Amino acid sequence: MKFLTDEKLVIVGAAGMIGSNMAQTAAMMRLTPNICLYDTYAPALEGVAEELFHCGFDGMNFTYTSDIKEAFKDAAYIVSSGGAARKAGMTREDLLKGNAAIAEQLGKDIKAYCPNVKHVVVVFNPADITGLVTLIYSGLKPSQLSTLAALDSTRLRSELAKFFNIAPDEVIKARTYGGHGEQMAVFQSTCTVGSKPLAALIGTDALPEKAWEDIRLRVVQGGKNIIDLRGRSSFQSPAYLSIEMIAAAMGGRPFTWPVGTYVNNGTFNHIMMAMETTVDKNGVTVHPVNGTPEERQELERSYQHLCKLRDEVISMGVLPPVEDWSKLNPNLG
Ligand SMILES: NC(=O)c1ccc[n+]([C@@H]2O[C@H](COP(=O)([O-])OP(=O)(O)OC[C@H]3O[C@@H](n4cnc5c(N)ncnc54)[C@H](O)[C@@H]3O)[C@@H](O)[C@H]2O)c1
């Protein structure tokens, strides 16, 4: 079977659960023969590489290194889950400080070693912040960097399908926007369930208000639920969706779940958050998010929460004040 491209894909954090699953998924999907695994923890990285060699994939040329310069040389695509994972009792935001510093270094390394990279997907949490920090320090255009936010929408689709006992495919355009943390905005007006508008079902016998509230809560706490069930944070679904995103950027099937993207549109400013988007070989295109007045208010609340987090990172000194961002990245001017 043909590969989508022969350009170099670097998986950052490849020794971890998401990273190792991403590498295997990318090979199974025949994205490129040229996959480089990078992680700061060399022994586990070698272990992952050995496992992938033992899969016996045809035509693959896996390489691995803990030298960032070597990893990023000639990189055309990067997906990074390289950072600390959430433990039981922690929110995504608890990870803020350490992972924001890792994002700063990632951005600087992109600028130094692969300024011509075509697309970067940031997965490590809190992805709205780590993605923003990486974008600012990398010097890339906003369309060239996306963050994994789709899991919240796929979880909404799954919860609705379970509740109505229908195939997930019959739930169309389940959407959450804004932050990828627990302050996300869960929309109803975009979505149809078995061809009926979700909004028309809520509050009826088919979907009483309380049942909808429970669904909403399970979506918002979807990550926590996996930790409770498995004793560790989710890795299969984030790995798969991130590889679908980078495959789309390589020219594969466009990715139409919402991704986190840089927004500076007069309503939401200097922020990375989930919007209605398409990822394809031109990178991220942002489409308008409409919604009811209540949904727009919820999105505004989510945005305000992200602004608070962003300002915390500025006060920690990891990011300069907003007015100085364009000095680091002229594409944000
Ligand atoms: N965006 C999402 O939807 C989503 C979903 C689930 C998990 N996550 C996040 O993804 C991240 C990874 O999760 P995981 O389960 O794979 O964790 P993990 O602990 O299994 O793996 C993380 C890997 O990153 C490596 N690492 C740490 N610092 C690094 C650095 N500076 N450069 C390169 N590699 C580095 C570690 O050595 C480790 O191998 C976490 O931050 C987690 O919260 C995001």
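Only a predicted model underlies this, so the values are computations on that prediction, with no experimental measurement involved.

Here is what the cut-offs are and how they apply
Residues numbered from 1 in each chain as written. Predicted model: local features only at pLDDT ≥ 70, side-chain atom pairs only at ≥ 80, totals over all residues. Heavy atoms only, no water. Buried < 20%, exposed > 50% of the residue type's maximum accessible area, 1.4 Å probe, protein only. Helix = DSSP H or I, 4+ residues; strand = E, 2+ residues; numbered from the N terminus. Pairing = 2+ DSSP bridges. Axes fitted to C-alpha atoms, helices over the stretch in contact; angles between N-to-C directions. Left-handed = near helix turned anticlockwise from the far one by under 90°. Contact = heavy atoms within 4.5 Å. Nonpolar A, V, L, I, M, F, W, Y, C, P; charged D, E, K, R; others polar. Disulfide = S-S within 2.5 Å. pLDDT = per-residue confidence, 0-100. Parallel < 35°, antiparallel > 145°, perpendicular 65-115°, else oblique. Near = heavy atom within 4 Å. Polar contact = N/O pair within 3.5 Å; in protein donor to acceptor, adjacent residues only side chain to side chain. Areas by Shrake-Rupley, 256 points an atom, 1.4 Å probe, with all protein chains shown as cover. Expected span 1.5 Å × (residues − 1).

Caption draft 1: Inspection of the pairing of strand β12 (residues 259–263) at higher detail. Summarising burial for β12: five of the five residues are buried, a large majority. Residues of β12 alternate between two faces, with Val259, Thr261 and Val263 on one and Gly260 and Tyr262 on the opposite face, all of them buried. Of the pairings in the sheet, the one linking β12 to strand β13 (residues 271–280) comprises five bridges and is antiparallel in character. Residue pairing for β13: Val263 is matched across the bridge by Ile271.

Caption draft 2: Inspection of the packing of helix α6 (residues 150–164) against helix α8 (residues 209–220) at higher detail. Contact pair α6 / α8: the axes reach a minimum separation of 9 Å and the direction vectors enclose 145 degrees. Helix-helix and strand crossings are classified by hand; for α6 and α8 the assignment is right-handed. Here Asp152, Arg155, Leu156, Glu159, Leu160 and Phe163 of α6 lie close against α8, whose contacting residues are Ala211, Trp212, Ile215, Arg218 and Val219. When grouped by side-chain class, the residues that make up the contact of α6 with α8 number seven nonpolar, no polar and four charged.

Caption draft 3: Inspection of the state of the cysteines at higher detail. Using the criterion set out here, one finds zero disulfides in the structure. Of the cysteine sulfurs around Cys114, a residue in no disulfide, the closest is that of Cys36, at 11 Å. Here Cys114 falls in the buried class, since its relative accessible area comes to 3%.

Caption draft 4: Main features of the confidence of the model for the protein. With 99% of its residues at a pLDDT of 70 or more, the protein shows a mean pLDDT of 96. Looking over the protein, one finds the lowest element-wise mean pLDDT in helix α9 (residues 222–230), namely 91, and the highest in strand β5 (residues 119–122), namely 99.

Caption draft 5: Broad picture of the sheet that holds strand β11 (residues 196–197). Pairing within the open sheet is antiparallel, and its three strands lie in the order β7-β10-β11. Two strands lie at the open edges of the sheet, namely β7 (171–172) and β11, each paired on one side alone. Pairing geometry for strand β10 (residues 192–193) and β11, over two bridges, is antiparallel. Across the sheet, the residue bridging to Thr192 is Pro197, located in β11.

Caption draft 6: Spotlight on the packing of helix α1 (residues 17–28) against helix α10 (residues 236–249). At a minimum axis separation of 8 Å, α1 and α10 run at an interaxial angle of 50 degrees. By the angle between their axes, α1 is oblique relative to α10. Handedness of the α1/α10 crossing: right-handed. From α1, Ile18, Asn21, Met22, Thr25 and Ala26 reach across to α10, where they touch Pro238, Ala239, Tyr240, Ser242 and Ile243. Looking at side-chain class alone, the contact of α1 with α10 contains seven nonpolar, three polar and no charged residues.

Caption draft 7: Looking closely at the site of the ligand. Close to the ligand lie 29 residues; Ile18, Asp39, Ala84, His180 and Arg232 are nearest. In this structure, Asn125 approaches the ligand through a main-chain N or O atom, which is 3.2 Å from an oxygen atom. Within the contact set of the ligand, an oxygen atom lies 2.5 Å away from a side-chain nitrogen or oxygen of Arg232. Contact with the protein chains removes 85% of the 860 Å² of surface that the ligand exposes when unbound.

Caption draft 8: The arrangement of the side chain of Glu159 in detail. Within the secondary structure, Glu159 sits in helix α6. Polar contacts involving the side chain of Glu159 include one to the side chain of Arg218, which spans 2.8 Å. Other than its neighbours up to four places away in sequence, Glu159 contacts Ile215, Arg218 and Val219.

Caption draft 9: View of α1. Taking 1.5 Å per residue, twelve residues should reach 16 Å; α1 reaches 17 Å between its end C-alpha atoms and fits that length. Within α1, burial applies to Ile18, Gly19, Ser20, Met22, Ala23, Thr25, Ala26 and Ala27. The inward-facing, buried residues of α1 contact β1 (8–12), β2 (35–38), α2 (42–55), β4 (75–80) and α10. One or two steps after α1, the chain reaches Arg30, where phi turns positive at roughly 55 degrees.

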